[in-house]
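Listed below are the residues making up each chain.
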Amino acid sequence: MPTLASATVGARLWLLIEYSGPWPTRIEDGTLPGPIAELVRRARERGIRPQLIRRPGRRTQTRTREQGLRVLAGYAAGEHPWLAGGVVAGPDDLDLDALVAGVVPESCILEDEPVFLVCTHAKRNACCARIGLPLARGLAEIMPDRVWETSHVGGDRYAANLVCLPHGIFYGSMSQAAAIAAANAYRSGEVILDRFRGRAGIPEPLQAVEHFARAHTGERTLGGVAVESARTDGDVTEAIVRIGGVRFQVVVEPSVFQAPCGTVCAETITTYRLVSLDRLAPVRYATPALT
């Protein structure tokens, strides 16, 4: 199953809230403890994506009200994303408007290491727990304190899903070996295309553009591909991409993929195919002679 261009589009800002109690099917349904439900509500009002997180394997240990709530705020937009963590007394102690403005909230401190989220939200999809739980535990053994189980991230069909923050890099259909490779690459400032879903917060056609540009050139660095301009005509998206000092014109269009189970599931998946990819000649500006 193709995974490209499937990262969650509406996730440029993140709020991770530690909660080891039972997760409802939808975290916005209001059944969580009051302070957590209020944080979720405030985050959604501001276009911030809230996620529940817990350490792999833990189910009953939850901070008391006196201890406060552990949170991680993530700004995944642009070239300089960041992640900041802290323990807050309650919703009023976390300035979410600062996060929206791209500023670290006063109650948080910048993290100097990336964080890896593995979706294990069984009430949303049993496969996420069945495949995600052992993946999260195995990854946590290698990278202690940097791995969290998380609630639904989108794309259940791609379980197990791995999200690398602060950039919001998504991977799907992960095995233990693939997850270790992806996490190690991210810690080195790179992506790998094997099972790469894309970067969250970017329109899917532009995720596809980046994927095909990377596949063509072999560029792996996180910031190595820059989409300078793009336009859409019907279903076709055309973009100008810069990689180093070279520009490419990349054209993509939707393509329907039939699920492997075919008519049994009667499911088709929309992905993207490459229409064309052309290297552009450098523009040379001539200075008119003075007379």
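For the structure itself, consult the block above.
Participant: How do you make sense of the overall build of the chain when you look at a structure like this?
Facilitator: Within the chain one finds 5 helices and 14 strands. Computed over the C-alpha atoms, the radius of gyration of the chain is 21 Å, within 12% of the 19 Å expected from 2.2 N^0.38 for a compact globule of 291 residues. Of all 291 residues assigned to the chain, the portion counted as buried reaches 50%. Sequence separation of 24 or more characterises 63% of the internal contacts of the chain that already satisfy a separation of 6 or more. Total accessible area computed for the chain in this model is approximately 14000 Å², and 50% of it derives from carbon and sulfur atoms.

Participant: I'm lost on the packing of helix 3 (residues 126-142) against helix 4 (residues 176-187) in this one. Help?
Facilitator: Between two packed helices, what matters for the description is the angle formed by their axes and the separation of those axes. At a closest axis distance of 10 Å, the pairing of helix 3 and helix 4 adopts a crossing angle of 45 degrees. As summarised for this structure, helix 3 and helix 4 are arranged oblique, according to the angle between their axes. Along this stretch, helix 3 crosses helix 4, giving a crossing that reads as right-handed. Taken together, the residues of helix 4 that come into contact with helix 3 (itself represented by Pro-134, Leu-135, Gly-138, Leu-139 and Ile-142) are Gln-176, Ala-179 and Ile-180. Class assignment for the residues of the contact of helix 3 with helix 4 results in 6 nonpolar, 2 polar and no charged.

Participant: I keep staring at the side chain of Gln-207 and nothing clicks. Help me out?
Facilitator: As for its placement among the helices and strands, Gln-207 is situated in helix 5 (residues 204-217). Under the relative-accessibility criterion, Gln-207 is labelled buried at 2%. Setting aside residues no more than four positions away along its own chain, Gln-207 makes contact with Ala-5, Ser-6, Ala-7, Val-9, Arg-197, Gly-198, Arg-199 and Ile-202.

Participant: Help me out: how do you make sense of the pattern of salt bridges in this one?
Facilitator: Two side chains of opposite charge can pair, provided their charged atoms sit close to one another. All chains considered together, the criterion is met by 15 salt bridges. Here Arg-247 and Glu-228 are joined by a salt bridge, their closest N and O atoms 2.6 Å apart. With Arg-247 in strand 13 (residues 246-258) and Glu-228 in strand 11 (residues 226-233), the pair connects residues that are 19 residues apart, well separated along the chain. According to the relative accessible area criterion, Arg-247 is partly exposed, its value standing at 38%. Look at Glu-228 and you get partly exposed, because its relative accessible area is 37%. Arg-231 is the salt-bridge partner of Glu-238, the closest N and O atoms lying 3.3 Å from each other.

Participant: What's the story with the nonpolar core in this structure? I'm lost.
Facilitator: Nonpolar side chains in soluble globular proteins tend to end up buried together. Ranked by size, the top nonpolar core spans 24 residues in total, and within it Leu-15, Ile-17, Leu-32, Ile-36, Leu-52, Val-71 and Leu-94 carry the most contacts. For this core, the secondary structure elements donating two or more residues are strand 1 (13-18), helix 1 (34-45), strand 3 (69-75), strand 4 (82-88) and helix 2 (96-100). The element contributing the most residues to this core is helix 1, with 5 residues. Residues in contact with Leu-15, not counting those within four places in the same chain, are Leu-39, Ala-43, Ile-48, Arg-49, Pro-50, Gln-51, Val-71, Leu-72, Leu-94 and Leu-96. Leu-135, Ala-140, Met-174 and Ala-179 belong to the second largest nonpolar core, which has 23 residues in total.

Participant: What should I look at first to understand helix 4 in this one?
Facilitator: Turn by turn, an α-helix covers 3.6 residues, leaving residues three or four places apart pointing in a common direction. Counted at 1.5 Å a residue, the expected span for helix 4 with its 12 residues is 16 Å, and the 17 Å between its end C-alpha atoms agrees. Following helix 4 by one or two positions, Gly-189 adopts a phi angle in the positive range, close to 80 degrees.

Rules used in this analysis
- Residues numbered from 1 in each chain as written.
- Predicted model: local features only at pLDDT ≥ 70, side-chain atom pairs only at ≥ 80, totals over all residues.
- Heavy atoms only, no water.
- Helix = DSSP H or I, 4+ residues; strand = E, 2+ residues; numbered from the N terminus.
- Rg over C-alpha atoms; globule rule 2.2 N^0.38 Å.
- Buried < 20%, exposed > 50% of the residue type's maximum accessible area, 1.4 Å probe, protein only.
- Contact = heavy atoms within 4.5 Å.
- Areas by Shrake-Rupley, 256 points an atom, 1.4 Å probe, with all protein chains shown as cover.
- Axes fitted to C-alpha atoms, helices over the stretch in contact; angles between N-to-C directions.
- Parallel < 35°, antiparallel > 145°, perpendicular 65-115°, else oblique.
- Left-handed = near helix turned anticlockwise from the far one by under 90°.
- Nonpolar A, V, L, I, M, F, W, Y, C, P; charged D, E, K, R; others polar.
- Salt bridge = Lys/Arg side-chain N within 4 Å of Asp/Glu carboxyl O.
- Core = buried A, V, L, I, M, F, W, Y, C linked by side-chain atoms within 4.5 Å.
- Expected span 1.5 Å × (residues − 1).

What is shown is where atoms sit, not what they do.
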